[in-house]
Amino acid sequence: MTTPSTAGIGRAAFATLLLIAFMMGANHVAARLAFDHGVSVATAVAFRSGVTAVVVGLILLAYRVPVRLQARHRKALPAIGLLVGVQSLCLYASVARLPVALALLAFNTYPLWTALWARIVYGQRPQPRVLRAMPVMLVGLALALDVFGAASGLGASGHWARIGVGVAFALAAAATFGMALVLTQHETGDLDGRLRTATTMAIVAVMALIGTTAQGGLALPTAPTGWWGLFGLTFLYGTAFTIMFTVLPRLGVVGNSAIMNIEPIFALVLAWAILGQSIAPVQVAGGLVVVATVMWLGLRKG
């Protein structure tokens, strides 16, 4: 996944990028509704990924995209699918435990993990821009998470007893996603994005179904609100990906753009309006620092 500059794109492309970011944020709010009414993390990932794989697969057929895989593609795609599967399960597990916006903000540290994995696996030195962004992003994240427990009034130990597991899941999601991005760039970057996404989502769906089987089967909603949440997360995620691979290329935007990293802000507003979740002003300020830093990184040239 790349994050080219938004400079020079038209109004329609810019609006479409905002729409995708909104739907991605809303997807996580809908997921929290589902989790609060009996749906398990594995069930949500199975529905979301399975439907998305089918939709993108149909797009492949409609556009008659050729399926030509080299040996390195066949080796890398299962690994990428596994990593994205772990990322999906971890991120939803975090959303189930934390305010949605905080889970997404912790996950938004993935550019730092991407730089780290690129250095470890491929020997690439981090760009100076990334090194400058690291301390700023970490300070913003510390404020957003209220690391000393001042805003919560619980103190550091009490606060982390409440949020620690959720934060760990979010950071694990960021780490695995960063690795998936590095493998995607170096091993499958020349593949059609639709083919790569269909394959990845199919692998994730299979992983999630295995997880639900180990848990005794699909955990379906126990109330109508849960069904709306499950339907919403599936529809929003699948629609966002469909737009990403059908509409954006026609508008002159390939892949993702930095503006899409505004997703946690949309999630913050939606979670407040729908779930009644709120965070302290200092946490909001920290969140804005994280989002601004990630967008600044995404607007880099090259």
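The present account deals with the structure reproduced in this document. (Residues numbered from 1 in each chain as written. Predicted model: local features only at pLDDT ≥ 70, side-chain atom pairs only at ≥ 80, totals over all residues. Heavy atoms only, no water.)

Glancing now at the nonpolar core. Membership of the largest hydrophobic core comes to 75 residues, with the highest contact counts inside it found for Ile20, Met24, Phe35, Tyr92, Val100, Phe107 and Leu233. Aside from chain neighbours lying at most four places away, what touches Phe107 is Gln87, Leu91, Ala170, Ala173, Ala174 and Phe177. Counting residues in hydrophobic clusters, the runner-up holds seven residues, among them Val65, Leu191, Leu195 and Ala198. (Core = buried A, V, L, I, M, F, W, Y, C linked by side-chain atoms within 4.5 Å. Buried < 20%, exposed > 50% of the residue type's maximum accessible area, 1.4 Å probe, protein only. Contact = heavy atoms within 4.5 Å.)

Bringing the packing of aromatic side chains into the picture now. Applying the stated rule across the entire model yields eight aromatic pairs. Here the aromatic rings of Phe35 and Tyr92 are separated by 5.5 Å at their centres, their planes lie at 75°, and the arrangement is edge-to-face. One end of the pair, Phe35, is in helix α1 (residues 11-35); the other, Tyr92, is in helix α3 (residues 71-95), with 57 residues separating them in the sequence. When its relative accessible area of 1% is taken as the criterion, Tyr92 is described as buried. With a centroid separation of 5.5 Å and an interplanar angle of 40°, the aromatic rings of Phe107 and Tyr110 are classed as tilted. On the basis of relative accessible area, Phe107 is assigned to the buried category, the value being 9%. Taken together, the ring pairs in this structure connect Phe107, Tyr110 and Phe177 into an aromatic cluster. The ring of Tyr92 is capped by Arg48, whose NZ or CZ atom sits 5.0 Å from the centre of that ring. It is Arg194 that lies over the ring of Tyr63; its NZ or CZ is 5.1 Å from the centre. (Phe/Tyr/Trp six-rings, centres within 6.5 Å; stacked < 30°, edge-to-face > 60°. Helix = DSSP H or I, 4+ residues; strand = E, 2+ residues; numbered from the N terminus. Lys NZ or Arg CZ within 6 Å of the ring centre and 35° of its normal.)

This part takes up the environment of Pro264. One can find Pro264 in helix α10 (residues 263-275). With 238 residues separating them along the chain, Pro264 and Ala26 place their C-alpha atoms 9.6 Å apart.

This part takes up the side chain of His159. Turning to its location among the elements, His159 is positioned in helix α7 (residues 155-187). For His159, a relative accessible area of 4% puts it in the buried group. Side chain to side chain, His159 and Ser152 meet in a polar contact 3.3 Å long. (Polar contact = N/O pair within 3.5 Å; in protein donor to acceptor, adjacent residues only side chain to side chain.)

Look at Arg64: it is not a glycine, yet its phi comes out positive at around 50°. Structurally, the position occupied by Arg64 is in the loop between α2 (41-62) and α3. Notably, Asp146 is not glycine yet its phi reads approximately 55°, a positive angle. Among the residues examined, Asp146 registers a relative accessible area of 7% and is labelled buried.

Below, the discussion takes up the side chain of Thr43. Relative to the helices and strands, Thr43 is located in helix α2. Given the relative accessible area of 0%, Thr43 is considered buried. Once residues lying within four places of it in the same chain are set aside, the contact partners of Thr43 are Thr212, Leu218 and Ala219.

At a closest axis distance of 8 Å, the pairing of helix α5 (residues 110-122) and α7 adopts a crossing angle of 55°. The orientation of α5 with respect to α7, classified from their angle, is oblique. In this structure, α5 crosses over α7, and the sense of that crossing is right-handed. Contacts between α5 and α7 involve Tyr110, Trp113, Thr114, Trp117, Ala118, Val121 and Tyr122 from the former and Leu171, Ala174, Ala175, Phe177, Gly178, Met179, Leu181, Val182, Leu183, His186 and Glu187 from the latter. For the contact of α5 with α7, the class distribution of residues is 14 nonpolar, three polar and one charged. (Axes fitted to C-alpha atoms, helices over the stretch in contact; angles between N-to-C directions. Parallel < 35°, antiparallel > 145°, perpendicular 65-115°, else oblique. Left-handed = near helix turned anticlockwise from the far one by under 90°. Nonpolar A, V, L, I, M, F, W, Y, C, P; charged D, E, K, R; others polar.)

Here helix α4 (residues 100-107) crosses helix α6 (residues 128-145) at 160°, and the two axes come no closer than 10 Å. Judged by the inter-axis angle, α4 sits roughly antiparallel to α6. Along this stretch, α4 crosses α6, giving a crossing that reads as left-handed. Counting all contacts with α4, which are made through Leu102, Leu105 and Ala106, the residues of α6 involved are Leu141, Ala144 and Leu145. Looking at the contact of α4 with α6, its residues break down into six nonpolar, no polar and no charged.

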